Amino acid sequence: MIDLEDFNHERFGVFLSKILQERNLSIRKLSKLCGIDHATISKIMNGKRKINLKHLEKFSMGLDIELPTLIKAAGYNMATKKEKAADIQVALEKIQQLIESSNLYHENFTLEKMEQEIVNYKIYSQTDEGKNTIFNQFNEKLKKTGGIGPFIENLKWMYHRFIEENGTSFQIGLMGGALLYFIVTTDLLPDYLFPIGYLDDALVVQTVYQQLNMKS
């Protein structure tokens, strides 16, 4: 989960000003591209308003800049935060411990199984049926979860990038795999095993997001 307190808001304002100069964009033009009020953009650039993940998502889409790039521009060092592989392993161990103590699930949940599931869904996401599943069922599934959670913002970002085919074929496939894993209720940890059933979804999103950062 990205902590907004780790952002350097003044640094991001300087970065944004530089982008506008390089692309010969006005604040009002940027407002139209990103769907952010021009007054808000002005305050962000002047350090009078803190940025949030929704702002970064919109800047990413409007400027066609990878979200990880914008996050790093805001002074957030992903290499030393929770997206590290070591933390993924810790999360996996916590899931395994919870499964063992719950007596609700009796299969062996491993990182290797999860990664294979991602690969399977990645392939499926490139088919017409897989794409239609994502297009038609993502928002409905999101509503069922309440639209909250440490992985939801990254998941929404992946969805928008996927439907707009914004990325390399590798990135689009990887995002599609994560989206399908989230949508399908009968994955490694079925969703009816609440709250355990959503823990693997969060871990998948975290794993895929890390891989996207490595490729960016």
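### Overview of the overall build of the protein chain
Consideration 1: Helix and strand counts for the protein chain come out as 11 helices and 0 strands.
Consideration 2: The burial tally for the protein chain puts 46% of its 216 residues in the buried class.
Consideration 3: The contacts in the protein chain between residues at least 6 apart in sequence include a share of 67% that link residues at least 24 apart.
Consideration 4: Summed over its atoms, the accessible surface of the protein chain is roughly 11,200 Å², and 50% of this surface lies on carbon and sulfur atoms.

### Observations regarding the confidence of the model for the protein chain
The predicted coordinates should not be examined in detail at positions where pLDDT is low.
Consideration 1: Model confidence for the protein chain is summarised by a mean pLDDT of 76, while 68% of its residues fall at 70 or above.
Consideration 2: By mean pLDDT, helix 6 (residues 85-102) is the weakest element of the protein chain at 56, and helix 2 (residues 27-34) is the strongest at 94.
Consideration 3: This model gives residues 1-5 a pLDDT under 50, and the stretch forms 14 contacts once residues within four places in sequence are excluded.
Consideration 4: Here residues 191-197 is a poorly scored stretch, pLDDT under 50, and it has 16 contacts once near neighbours within four places are set aside; other chains count.

### Brief notes about the side chain of Ser 60
Consideration 1: Its location among the elements puts Ser 60 in helix 4 (residues 53-63).
Consideration 2: A residue is classified by how much of its surface remains accessible, and Ser 60, at 1% relative accessible area, is buried.
Consideration 3: Among the polar contacts listed, one links the side chain of Ser 60 to the backbone oxygen of Ile 65, at a separation of 2.6 Å.
Consideration 4: Residues contacting Ser 60, with those up to four places away along its chain left out, are Ile 65, Glu 66, Leu 67, Leu 70, Trp 157 and Arg 161.

### A word on the packing of aromatic side chains
Consideration 1: Inspection of every chain in the model, using the stated rule, returns 6 aromatic pairs.
Consideration 2: Measuring from centroid to centroid gives 5.8 Å for Phe 12 and Phe 59, while their planes differ by 45°, and the two rings are tilted. Of the two residues, Phe 12 sits in helix 1 (residues 9-23) while Phe 59 sits in helix 4, which places them 47 residues apart along the sequence.
Consideration 3: Centroid distance Phe 138 to Tyr 159: 4.3 Å. Interplanar angle 15°. Geometry classified as stacked. One end of the pair, Phe 138, is in helix 8 (residues 128-145); the other, Tyr 159, is in helix 9 (residues 152-163), with 21 residues separating them in the sequence. The exposure classification of Phe 138 matches that of Tyr 159, with both residues buried.
Consideration 4: A connected cluster of aromatic rings, assembled from ring pairs, spans Phe 12, Phe 15 and Phe 59.
Consideration 5: For the cation-ring pair, Lys 141 lies above Phe 182, with the distance from its terminal atom to the ring centre recorded as 4.8 Å.

Rules used throughout
Residues numbered from 1 in each chain as written. Predicted model: local features only at pLDDT ≥ 70, side-chain atom pairs only at ≥ 80, totals over all residues. Heavy atoms only, no water. Helix = DSSP H or I, 4+ residues; strand = E, 2+ residues; numbered from the N terminus. Buried < 20%, exposed > 50% of the residue type's maximum accessible area, 1.4 Å probe, protein only. Contact = heavy atoms within 4.5 Å. Areas by Shrake-Rupley, 256 points an atom, 1.4 Å probe, with all protein chains shown as cover. pLDDT = per-residue confidence, 0-100. Polar contact = N/O pair within 3.5 Å; in protein donor to acceptor, adjacent residues only side chain to side chain. Phe/Tyr/Trp six-rings, centres within 6.5 Å; stacked < 30°, edge-to-face > 60°. Lys NZ or Arg CZ within 6 Å of the ring centre and 35° of its normal.

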